[in-house]
Amino acid sequence: MGEASHSFIEVCGHRLEVQTISGPATRPTLVLLHEGLGSISTWREFPSQVAAATECPVVVYSRYGYGSSDVLAASFQVDYMHREALEALPELLAKRGIVEPILVGHSDGASIALIYAGANHAVRGLALLAPHVFVEDLSVKSIAEAKITFETTDLPEKLGRHHADPRTTFYGWNDIWLHPDFRRWNIESFLPQITCPVLAIQGYDDEYGTMAQLDAIAVQVAGPCEVVGLADCGHRLHRDQPEKTVEAIARFVRRIVDR
């Protein structure tokens, strides 16, 4: 595994924290896109595990409003994932000189990866962990329950270990998902334009989504799609089933590199 380094970069007028794990220049770069309450630190050991298993360079960053990146100054709108995929991610990749990455996205990050690829940006592949392409009743129910948990437990303190302003980060994510307008959010129109290989992994016990999300992706993408369901696994696959998740990603990357 290569050496890890931390830095900051300005993207779309915001200062973002970035972690880079070096690897052979001949291998594709894996770019990790975190979940709706994620950051660099919430990935824990996963970036280094993926780097070691794939022998690829890895770049992981905290989006605007998360981690040690700039604190969110205004509420997210319904199109916040579109803006990340179509504005922030292309700028970050261009500034880092990353061409044709393999995007590894979790939850919101997986949706951002799908939008990016579906907008005809060049990618070698998409590894999607618990992706969502439409809003399910289960998602809204669990996110509403998360609000109660945030307001009645020590969750703000726990999130404070990973975010500069945990309250702003939490409500930025929670408020927009519970907004009535967000029930119409849907990115399935991007799927037919995706021609690169896709790996989609879902935990059967995911409290935020079901296998229906993966079924929709598999049926509608234009390229090859492998669907993996994991037992005894909730929303955070990299924590609940780290070995199986890393192994699936490593196999996926090998197929891309060797073909």
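Our structure is the block above this text.
Thresholds applied
Residues numbered from 1 in each chain as written. Predicted model: local features only at pLDDT ≥ 70, side-chain atom pairs only at ≥ 80, totals over all residues. Heavy atoms only, no water. Helix = DSSP H or I, 4+ residues; strand = E, 2+ residues; numbered from the N terminus. Buried < 20%, exposed > 50% of the residue type's maximum accessible area, 1.4 Å probe, protein only. Contact = heavy atoms within 4.5 Å. Areas by Shrake-Rupley, 256 points an atom, 1.4 Å probe, with all protein chains shown as cover. Lys, Arg positive; Asp, Glu negative; His and termini not counted. Charge placed at Lys NZ, Arg CZ, Asp CG, Glu CD. Pairing = 2+ DSSP bridges.

Caption draft 1: Representation of the overall build of the protein in the model. Looking only at helices and strands, the protein has nine helices and eight strands in total. Projecting the C-alpha coordinates of the protein onto the three principal axes gives extents of approximately 50 × 40 × 35 Å. Counting over 259 residues, the protein shows a buried share of 55%. The contacts in the protein between residues at least 6 apart in sequence include a share of 75% that link residues at least 24 apart. Roughly 11,000 Å² of accessible area belongs to the protein as shown, and the carbon and sulfur atoms make up 49% of that amount. A gap of 2 Å separates the mean positions of the 22 positive and 33 negative side-chain charges of the protein.

Caption draft 2: Just the pairing of strand E2 (residues 14–21), in detail. With six of eight residues buried, E2 is to be regarded as a mostly interior element. Where strand E1 (residues 4–11) folds back on E2, the antiparallel hairpin that results is connected by two residues, among which Cys12 adopts a positive phi of roughly 55°. Where E2 meets strand E4 (residues 58–61), four bridges bridge the pair, whose relative direction is antiparallel. From the neighbouring strand, Gln19 faces E4, where its bridge partner is Val60.

Caption draft 3: A look at unusual backbone geometry. Phi is positive for Arg44, which is not a glycine, with a value near 55°. Examined against the element boundaries, Arg44 turns out to sit in the loop between strand E3 (30–33) and helix H1 (46–54). Even without glycine at this site, Ala130 takes up a positive phi of about 50°.

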